Amino acid sequence: MHVHLIVVGLNYRTAPVAIRERFALGETDAPQALQSLRGTTSILEGVIVATCNRTEVYAVVDRLHLCGHYIRNFMENWFQVPRLEFNQHLYMYEDDRAIEHLFRVTCGLDSMVVGETQILGQVRDAFLLAQQRQATGTIFNQLFKQAITVAKRAHAETGIADNAVSVSYAAVELGKRIFGRFDEKTVMIVGAGKMSELTARHLHANGAARIFVAGRTAERTSELADKFAGTALSMEEAMNRLHETDIVISSTGAEGFVLNRPMLESAMARRRKKPIFLIDIAVPRDIDPACGSIPNVFLYDIDDLEGIVEGNMASRREAAAVVEKMIEAERQAYRDW
């Protein structure tokens, strides 16, 4: 019997979040979804990869011209979304293109942030679940293991995942250059915007011990402080506790400077030469640039961070070209198998 490989899916490029979220697949529902997929006409093996950026159905099929129709049926019935609402967002790749697509996805080349490593774990988990549920056989057991192996090699050999490529990550990477580690460090978030929250989350994940949140609206400030088991402060209280802080992330919508040179000079006098790291993500800026000339004050604004991100993206793009070549060789090796 001649079989074919196919992938049918939608991702952040083809479908808005309002559509993607309707195809979310929780851990508890995934086993039943796989069972339903395996019970679909013409489908011999199946794996479902569902993340916030994509939902993809990989299948080994015995009839190529009808299987796209059967997989759409499965998606319509399982996710309870009428076909007319998602049809135009779907892509479908067969055989060689499907193999190449899986390799690219697993290596992070198809991600919103090129080279991100989270997707490798997500593909591996999706495959292991399908294997446990006996939804895979000889063909996918080989293909998915090979995809996972090539992704690990790509990360190890090319450095595609090495550099920070978001402003919030870049801020954390810069902090590491100054402090080495964030254990026992105190972070102050001034303004409770999305970017501040993301940066705080990365710092918290990297071991920052104590987090102050300063803002103008008490409710939003408390809400953000609760997320990190932090302390909510008014703007005035925050300025009085500046000397206790190692890292300040500022992102308010204020018109003038929130932090000026005299404030920082008095805080630094009390810090006894311990360095302070200021990240100003606001536009217009929150922190007076003159603060950067105070000894042991390290001040970075959004342009500094974006410069780092752009440089890192360029090196990831170079690495991506190398990974594409690795994928081509792996695809050929799989075809030969």
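Residues numbered from 1 in each chain as written. Predicted model: local features only at pLDDT ≥ 70, side-chain atom pairs only at ≥ 80, totals over all residues. Heavy atoms only, no water.

Quick look at empty space enclosed by the protein now. A probe matching the size of a water molecule, rolled over the atoms, marks out where space remains unfilled. All told, the structure shown has one cavity of 30 Å³ or more when counted by the stated rule. Considering only enclosed or pocket space, the largest cavity measures out at about 40 Å³ in volume. Leu5, Ile6, Tyr58, Ala59, Ala98, Ile99, Leu102, Phe140 and Leu143 together form the lining of the largest cavity. When contributions to the lining of the largest cavity are tallied by element, the ones reaching two or more residues are strand E1 (4–11), strand E3 (54–61), helix H5 (95–107) and helix H7 (138–158). A per-element tally of the lining of the largest cavity places H5 first, with three residues. In terms of residue class, the lining of the largest cavity is made up of nine nonpolar, no polar and no charged. (1 Å grid on protein atoms, 1.4 Å probe; cavity = no way out; pocket = protein on both sides within 12 Å on 5 of 7 lines; lining within 4 Å. Points joined across faces, edges and corners; volume = space filled by probe spheres on them. Helix = DSSP H or I, 4+ residues; strand = E, 2+ residues; numbered from the N terminus. Nonpolar A, V, L, I, M, F, W, Y, C, P; charged D, E, K, R; others polar.)

Time to look at the packing of H5 against helix H13 (residues 302–336). The geometry of H5 relative to H13 is characterised by a closest axis approach of 10 Å and an angle of 135° between their N-to-C directions. With respect to H13, the axis of H5 lies oblique. The hand of the H5/H13 crossing is right-handed. For the pair H5 and H13, contact is made by Asp96, Ile99, Glu100, Phe103, Arg104 and Cys107 and by Val323, Glu324, Ile327, Glu330, Arg331, Tyr334 and Arg335, respectively. (Axes fitted to C-alpha atoms, helices over the stretch in contact; angles between N-to-C directions. Parallel < 35°, antiparallel > 145°, perpendicular 65-115°, else oblique. Left-handed = near helix turned anticlockwise from the far one by under 90°. Contact = heavy atoms within 4.5 Å.)

This paragraph deals with the pairing of strand E2 (residues 43–51). Burial of E2 is extensive: seven of the nine residues sit out of reach of the surface. Bridge analysis of E2 against E3 gives eight bridges, and the strand direction is antiparallel. For valine 49, the partnering residue across the bridge sits in E3 and is glutamate 56. Linking two consecutive strands that pair antiparallel, namely E2 and E3, is a turn of two residues. (Buried < 20%, exposed > 50% of the residue type's maximum accessible area, 1.4 Å probe, protein only. Pairing = 2+ DSSP bridges.)

What follows concerns the layout of surface pockets. Space inside the second largest pocket adds up to approximately 330 Å³. Lining the second largest pocket are 14 residues, and of these Glu27, Ala50, Gln122, Asp125 and Ala126 lie nearest its centre. Of all the secondary-structure elements, those providing two or more residues to the lining of the second largest pocket are helix H2 (30–38), E2 and helix H6 (118–132). Looking at side-chain class alone, the lining of the second largest pocket contains nine nonpolar, three polar and two charged residues.

Moving on, we get to the packing of H6 against H7. Interhelical geometry of H6 versus H7 gives an angle of 160° and a closest axis separation of 10 Å. Of the possible angle classes, the one that applies to H6 and H7 is roughly antiparallel. As H6 packs across H7, the resulting crossing turns out to be left-handed. Of the residues in H7, those touching H6 at Leu120, Val123, Arg124, Phe127 and Gln131 are Phe140, Asn141, Phe144, Lys145, Ile148, Ala151, Lys152 and His155. Grouping the constituent residues of the contact of H6 with H7 by class yields seven nonpolar, three polar and three charged.

To continue, consider the sheet that holds strand E5 (residues 186–190). Ordered by their spatial adjacency, six strands build an open sheet running E7-E6-E5-E8-E9-E10, and the pairing between neighbours is parallel. Both edges of this open sheet fall to strand E7 (231–233) and strand E10 (297–301), since each of them pairs with a single strand only. Strand-to-strand twist across the sheet, computed as the mean angle between neighbouring axes with direction ignored, equals 15°. Sheet analysis places E5 next to strand E8 (residues 247–250), joined by four bridges and oriented parallel. Bridge pairing in E8 places isoleucine 189 opposite isoleucine 249. With respect to the sheet, helix H12 (residues 261–271) is in contact with strand E9 (276–280) and E10, its orientation differing from that of E9 by roughly 150°. Of the strands in this sheet, E9 and E10 are in contact with H13, which crosses E10 at around 75°.

Burial of strand E6 (residues 210–214) is extensive: four of the five residues sit out of reach of the surface. Pairing of E5 with E6 involves five bridges; the strand directions are parallel. Residue pairing for E6: valine 187 is matched across the bridge by isoleucine 211. Handedness of the β-α-β unit built from E5, helix H9 (residues 194–205) and E6 comes out right-handed. Sheet topology places E6 next to E7; three bridges connect them, and they run parallel. The residue bridging valine 213 from the neighbouring strand is alanine 232, located in E7. Handedness of the crossover joining E6 and E7 through helix H10 (residues 218–227): right-handed. (Right-handed = clockwise from strand over helix to strand, strands pointing away.)

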